[in-house]
Amino acid sequence: MADAKPAPNFAARAAAAADRRDTRGRWLLSAPALLILLFAAIGPLIIVVIYSFLKKGGYGGVEWEFSTDAWTSVVFQKDIFTDEITIADAHLLIFWRSVKLSFLTTVMALAFGFPTAYFIATRNEKSRDLWLFLITIPFWTNLLIRTFAVMEVIRNEGIVNSILLGLGLVDAPVQIMFTDFAVMMGLLYVYLPLMVLPLYASMERIDFRLVEAGYDLYATRWHVLRRVIFPLVKPGVIAGSILVFIPSLGAYVTPRVLGGGRNLMLGNLIEMQFGQGRNWPLGAALSITLMAIVMVALLFYVKNASKTGARHG
């Protein structure tokens, strides 16, 4: 009996050793990905954070002296003659334009993407693949080329103005280019598929017998949409909205081409500080500010997604 007692201890030690080997193996397998994440994502981010707390160099770069001037300049500006501190109206205007255009782009993408996704989800299985294929075709083309395609449609000599002039609806070309509306149209065209695909993924799982039951109970189309369909596809709506809002907020190419350098967004402002402005600390501070806005949007998504998951079990 005394000789049988060490057996459980030996089994426990063997199990613990196996767990340790398994843990080491997992760490070794994930080491390449962790190193890439460290040197390609976390490392540059740390450098940007450090730069935001340094003084700007005379001709670009930074001086290695601690300073919070860059963070102050995000919202405030100092008069070069009187040293008076005032609100940085230009920065706040660009912040407001970026959030406004991103929000409007998201709303318009939802307005166009919802019926498109519903149409695809209600087709037979053979034709669904074709429609999804057509939705993903724009991703095969470079973003810059897609933006130039939008420019060809809305410029003064483009398709829209040619049709309006040909029908006699206007006497002169309508100025669409280099406006906020042009930027929003470009963002909508570029990011609309990112709204359609998550909505379709949610609608594909709907049991449409629930929709038929709503009609059998004399519900109108609006009530069926609001009380049956929309709650079931809410995760797709939130995911699509995040996928459209976040890249729109940091867009650079589309506002640069369609805004003509006058309708700047946050991405353009950040690039300007690292380029013509030669104010790297301010560019770094603006980059971190943009990332903070994105983080707030992602936290909103995670919070709503967790609530939806808990509600549906």
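Use the structure listed above.
Below you will find a few notes about this structure. A quick note: this is a predicted structure, and the numbers were derived from the prediction, not measured.

1. Overview of the pattern of salt bridges
Pairing between side chains becomes possible if they bear opposite charge and their charged atoms approach one another. Tallied over the full model, the rule gives eight salt bridges. With a shortest N-O distance of 3.4 Å, Arg97 and Asp180 are connected by a salt bridge. One end of the pair, Arg97, is in helix H3 (residues 89–121); the other, Asp180, is in helix H7 (residues 180–203), with 83 residues separating them in the sequence. Take Arg97: its relative accessible area is 11%, and that puts it in the buried class. With a relative accessible area of 21%, Asp180 lands in the partly exposed category.

2. Digging into the nonpolar core
Formed by 36 residues in total, the largest nonpolar core has its most connected members in Phe114, Ile154, Met203 and Leu258. Of all elements in the fold, only H3, helix H4 (125–136), helix H5 (143–154), H7, helix H9 (221–249) and helix H10 (253–258) reach the threshold of two or more residues within this core. The leading source of residues in this core is H7, at 12 residues. Those residues in contact with Leu258, other than ones at most four positions away along the chain, are Thr147, Val150, Met151, Ile154, Met177, Phe178, Thr179, Ala182, Val183 and Gly186. In terms of nonpolar packing, the next biggest core, distinct from the first, is built from 18 residues, Phe245, Leu264, Leu282 and Ala285 among them.

3. What to know about the pairing of strand S2 (residues 62–66)
As paired strands, strand S1 (residues 54–56) and S2 are joined by three bridges and run antiparallel to one another. For Lys56, the partnering residue across the bridge sits in S2 and is Val62. A loop of five residues connects S1 with S2, the two strands running antiparallel in sequence, and Gly60 in this loop sits at a positive phi of about 95 degrees.

4. Examining a nonpolar patch on the surface
A cluster of nonpolar side chains, namely Trp27, Leu34, Leu35, Leu37, Leu38, Phe39, Ile42, Ile46, Ile50 and Trp64, defines an oily patch on the protein surface of about 1100 Å² accessible area. The greatest single-element share of the nonpolar patch, amounting to nine residues, is contributed by helix H1 (residues 6–51). Tracing the sequence through the fold places Leu34 in helix H1.

5. Thoughts on the packing of H3 against H7
H7 packs onto H3 with a crossing angle of 40 degrees between their chain directions and a minimal axis gap of 6 Å. Judged by the angle between their axes, H3 and H7 are oblique. Of the two possible hands of crossing, H3 and H7 adopt the one that is right-handed. Considering only residue class, the contact of H3 with H7 consists of 21 nonpolar, four polar and three charged.

6. What to know about the packing of aromatic side chains
Applying the stated rule across the entire model yields nine aromatic pairs. Both rings, one in Phe119 and one in Trp131, keep their centres 5.0 Å apart while their planes meet at 85 degrees; by these two values the pair is edge-to-face. Note that Phe119 is positioned in helix H3 and Trp131 in helix H4, a separation of 12 residues in sequence. For Phe119, a relative accessible area of 33% corresponds to the partly exposed category. Look at Trp131 and you get partly exposed, because its relative accessible area is 33%.

About the criteria used
Residues numbered from 1 in each chain as written. Predicted model: local features only at pLDDT ≥ 70, side-chain atom pairs only at ≥ 80, totals over all residues. Heavy atoms only, no water. Salt bridge = Lys/Arg side-chain N within 4 Å of Asp/Glu carboxyl O. Helix = DSSP H or I, 4+ residues; strand = E, 2+ residues; numbered from the N terminus. Buried < 20%, exposed > 50% of the residue type's maximum accessible area, 1.4 Å probe, protein only. Core = buried A, V, L, I, M, F, W, Y, C linked by side-chain atoms within 4.5 Å. Contact = heavy atoms within 4.5 Å. Pairing = 2+ DSSP bridges. Patch = residues over 30% accessible without salt bridge, like charges linked within 9 Å, V, L, I, M, F, W, Y side chains within 5 Å. Areas by Shrake-Rupley, 256 points an atom, 1.4 Å probe, with all protein chains shown as cover. Axes fitted to C-alpha atoms, helices over the stretch in contact; angles between N-to-C directions. Parallel < 35°, antiparallel > 145°, perpendicular 65-115°, else oblique. Left-handed = near helix turned anticlockwise from the far one by under 90°. Nonpolar A, V, L, I, M, F, W, Y, C, P; charged D, E, K, R; others polar. Phe/Tyr/Trp six-rings, centres within 6.5 Å; stacked < 30°, edge-to-face > 60°.

So far we have only geometry, and geometry alone does not tell us how the molecule works.
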